[in-house]
Amino acid sequence: MHATITLLPGDGIGPEVVAEGAKVLQAVARRSGHTFDVREALMGGCAIDQVGSSLPDETVALCRSSDAILLGAVGGPKWDNPRATDRPERGLLGLRKALGLFANIRPVAVHPSVIAASPLRADLLQGVDLLVVRELTGGIYFGAKTRETVDGEERASDLCIYTAGEIERIVRVACELARGRRGKVTSVDKANVLETSRLWRSVTSRVVAEEYPDIQLEHVLVDAAAMHLLRRPADFDVLVMENMFGDILSDEASMLAGSMGLLPSASLGSAPDDMETKQKPAPGKIGLYEPIHGSAPDIAGRGIANPLATILSVALLLRYSLGLDEEARAVEAAVNTVLERRQVTPDLAAAGEQACTTAEVGDAVVAALAEIGDPVQA
Ligand code: IPM
Ligand code: MG
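Cut-offs applied
Residues numbered from 1 in each chain as written. Chains lettered and ligands numbered in written order. Predicted model: local features only at pLDDT ≥ 70, side-chain atom pairs only at ≥ 80, totals over all residues. Heavy atoms only, no water. Phe/Tyr/Trp six-rings, centres within 6.5 Å; stacked < 30°, edge-to-face > 60°. Lys NZ or Arg CZ within 6 Å of the ring centre and 35° of its normal. pLDDT = per-residue confidence, 0-100. Contact = heavy atoms within 4.5 Å. Core = buried A, V, L, I, M, F, W, Y, C linked by side-chain atoms within 4.5 Å. Buried < 20%, exposed > 50% of the residue type's maximum accessible area, 1.4 Å probe, protein only. Helix = DSSP H or I, 4+ residues; strand = E, 2+ residues; numbered from the N terminus. Domains from an automatic or database assignment. Near = heavy atom within 4 Å. Polar contact = N/O pair within 3.5 Å; in protein donor to acceptor, adjacent residues only side chain to side chain. Areas by Shrake-Rupley, 256 points an atom, 1.4 Å probe, with all protein chains shown as cover. Nonpolar A, V, L, I, M, F, W, Y, C, P; charged D, E, K, R; others polar. Pairing = 2+ DSSP bridges. Axes fitted to C-alpha atoms, helices over the stretch in contact; angles between N-to-C directions. Parallel < 35°, antiparallel > 145°, perpendicular 65-115°, else oblique. Left-handed = near helix turned anticlockwise from the far one by under 90°. Expected span 1.5 Å × (residues − 1). Buried area = accessible area lost by both parts, 1.4 Å probe. Salt bridge = Lys/Arg side-chain N within 4 Å of Asp/Glu carboxyl O.

K.L.:
Would you explain the packing of aromatic side chains in this entry?
P.N.:
To describe a pair of aromatic rings, one takes the distance between the centres and the angle between the planes. Here the structure, examined in full by the defined rule, presents 1 aromatic pair. Above the ring of Phe142, the side-chain terminus of Lys97 is found at 4.8 Å from the ring centroid. Across the ring face of Tyr141, the terminal group of Arg134 is positioned such that the distance to the ring centre comes to 5.3 Å.

This is the structure we're talking about:
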């Protein structure tokens, strides 16, 4: 297979973790005979600094002509001026929208070897294996914004808006994914207060009743969901929710895994089942893959960022955009090996334990991948 992959290293620790992801991509290419044509583009704060826009047109064009995109992180205090007209985050939101990537998938699994890194008790974490499916191109993130002064007082507003169609398609993605798992979908909303949530709840119930009668559906209010994620995390299978609830709850859920540095994500423009053809994806099936963590400016440039979330994002890229499930599993197995061997960055190291650098962890994954040997040709 030949695939074209665009790297968007971005800001802060982004370039450091993307370098390790790229290392793993090349290792996968070497072991399975695929060729990955990898190129880099500017997006985020670095793009503002170098070309004056957080999302240059050339970057959008390059991304559109790719099979997949691997992103590091964007943002940092340097670009935080509230009066700035452009911001690094605008580039990311603009790219998600431009490519129609409405489905954001954030798997949360607990690796037994790093269970001690979680602030939660180990007994609560047994069997945690959940998927947050976040709507990514609608809701309050994309509604009209205002900022004005009325009668001498400043005020601002953000409109939260959803269409039935936007809800239907994300619910279908959640149900398709649940069918390949434990068959349970938890829809999260705030239907006791918000009109968008009441629409969300009724559309979700209808889609599941009409198209997915085999799926076990429950509705949970977002405040209760935040609590149950800590109280009974192992009960969840697939959680589906609107954009901002998904942003918040996926950061909370990352603490189950012990570190934000372990959570990958995939942003897709269609249900992943369309992509399980094991063939070169059709045009328009571009996926964007990124760790869920931010640019962590406080640790940038120190070589201590955890690259595993980015490397696990590479596994999702191989699975969902390139149809290379065997290679995806191999990368995930290599990450497990590295965690078992405790070749970990400081975020996962125990007190007194010698921690590895970002590059050492990347090299350890490449070495573990080599030990797994060649893929069995199907
Ligand atoms: C995320 C991030 C982004 C978001 C920011 C960087 C705009 O927090 O991917 O979760 O809010 O979607
Ligand atoms: Mg977030």
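K.L.:
Could you clarify how one ought to interpret the confidence of the model for the chain in this entry?
P.N.:
As a note on interpretation, predicted positions should not be read in detail where pLDDT is low. The share of residues in the chain with pLDDT of 70 or more is 95%, and the mean pLDDT across the chain is 93. In the model, residues 274–284 has pLDDT below 50 throughout and makes 17 contacts with residues more than four positions away in sequence or in other chains.

K.L.:
For this particular structure, what's the right way to read the nonpolar core?
P.N.:
One recurring pattern in soluble globular proteins is that nonpolar side chains are buried together. With 68 residues, the main nonpolar core has Val24, Phe36, Tyr289 and Leu318 as its most contacted residues. With 9 residues, helix 10 (residues 308–321) is the largest single contributor of residues to this core. Domain assignment of the residues forming this core places at least three in each of domain 1 (1–114 + 258–378) and domain 2 (119–257). With near-sequence residues (within four places) excluded, Phe36 lies in contact with Ala3, Ile5, Leu25, Gln26, Val28, Ala29, Leu318, Leu322 and Leu324. Membership of the second largest hydrophobic core comes to 22 residues, among which are Val132, Ala225, Leu229 and Ala257.

K.L.:
What is the right way to look at the site of ligand 1 in this model?
P.N.:
Surrounding ligand 1, one finds Glu89, Arg96, Arg106, Arg134, Tyr141 and Asp247. Contacts to ligand 1 include Arg96, whose side-chain N or O atom sits 2.8 Å from an oxygen atom. Contact between ligand 1 and Arg134: an oxygen atom at 2.8 Å from a side-chain N or O atom of the residue. The protein chains hide 78% of the 320 Å² of surface that ligand 1 would expose on its own. Of the residues contributing to the shell around ligand 1, the split by class is 1 nonpolar, no polar and 5 charged. The residue makeup of the shell around ligand 1 includes at least three contributed by each of domain 1 (1–114 + 258–378) and domain 2 (119–257).

K.L.:
Please explain the pairing of strand 10 (residues 238–241) as it appears in this structure.
P.N.:
In the case of a regular strand, side chains alternate between the two sheet surfaces. Burial along strand 10 is two-sided: the residues Val238 and Val240 and Leu239 and Met241 are all buried. Bridge count for strand 5 (residues 129–135) against strand 10 is 4 bridges, and the pairing is parallel. From the neighbouring strand, Leu131 faces strand 10, where its bridge partner is Val238. With 4 bridges connecting them, strand 8 (residues 184–189) and strand 10 associate as parallel partners. Along strand 10, the bridge assignment pairs Thr186 with Leu239.

K.L.:
Can you walk me through the packing of helix 11 (residues 325–340) against helix 12 (residues 358–372) in this structure?
P.N.:
Two quantities define a packed helix pair, namely the angle between the helix axes and the distance between the axes. Viewed as axis vectors pointing N to C, helix 11 and helix 12 meet at an angle of 120°, and their least axial separation amounts to 8 Å. The angle between helix 11 and helix 12 falls in the class oblique. Seen from above, helix 11 lies across helix 12 with right-handed handedness. In this structure, helix 11 contributes Ala330, Val331, Ala333, Ala334, Val335, Thr337 and Val338 to the contact, and helix 12 contributes Val361, Ala364, Val365, Ala368, Leu369 and Ile372. Looking at side-chain class alone, the contact of helix 11 with helix 12 contains 12 nonpolar, 1 polar and no charged residues.

K.L.:
How do you make sense of the sheet that holds strand 11 (residues 264–268) when you look at a structure like this?
P.N.:
Within a beta sheet, neighbouring strands are joined by backbone hydrogen bonds and run either parallel or antiparallel to one another. The mixed open sheet is built from 10 strands, whose spatial order is 2-1-3-12-11-4-5-10-8-9. Edge strands, defined here as strands with exactly one partner in the open sheet, are strand 2 (35–40) and strand 9 (216–221). Shown here is a sheet whose adjacent strand axes are inclined to one another by a mean of 25°, direction ignored. The sheet contact formed by strand 4 (residues 103–109) and strand 11 spans 3 bridges and is antiparallel. In the sheet register, Ala103 faces strand 11, and the bridge partner there is Leu268. Here helix 1 (residues 14–32) sits on the sheet and contacts strand 1 (2–10), strand 2 and strand 3 (68–73); the angle it forms with strand 1, its principal contact strand, is near 165°.

K.L.:
Would you take a moment to explain helix 12 for this structure?
P.N.:
Here helix 12 is 15 residues long and its end C-alpha atoms lie 22 Å apart, about the 21 Å a rise of 1.5 Å per residue gives. The complete set of buried residues in helix 12 reads Thr358, Val361, Gly362, Ala364, Val365, Val366, Ala368 and Leu369. Residues of helix 12 that are buried make contact with helix 1, helix 10 and helix 11. Positioned one or two residues after helix 12, Gly373 has a phi angle of 85°, which is positive.

K.L.:
Before we go on, may I ask you to explain the domain arrangement of the chain in this structure?
P.N.:
Much of the literature gives interface size as the accessible area that the parts lose upon coming together. Examined at the domain level, the chain breaks down into domain 1 (1–114 + 258–378) and domain 2 (119–257). Computed from C-alpha atoms alone, the centre-to-centre distance between domain 1 and domain 2 is 23 Å. Across the boundary between the two partners, domain 1 contributes 26 residues, which contact 26 residues of domain 2. Buried surface at the junction of domain 1 and domain 2, both sides included, amounts to about 2400 Å², of which 64% is carbon and sulfur. Considering only the surface of domain 1 that becomes buried against domain 2, Phe102, Arg106 and Val108 emerge as the three largest contributors, covering 29% of it. At the junction of domain 1 with domain 2, the criterion picks out 0 salt bridges. There are 9 residue pairs in polar contact (both at pLDDT 80 or more) connecting domain 1 and domain 2. Sorting the residues of the side of domain 1 that touches domain 2 by element identifies helix 4 (88–98) and strand 4 as the ones contributing at least two each. Counting residues per element, the side of domain 1 that touches domain 2 draws most heavily on strand 4, which supplies 7 residues.

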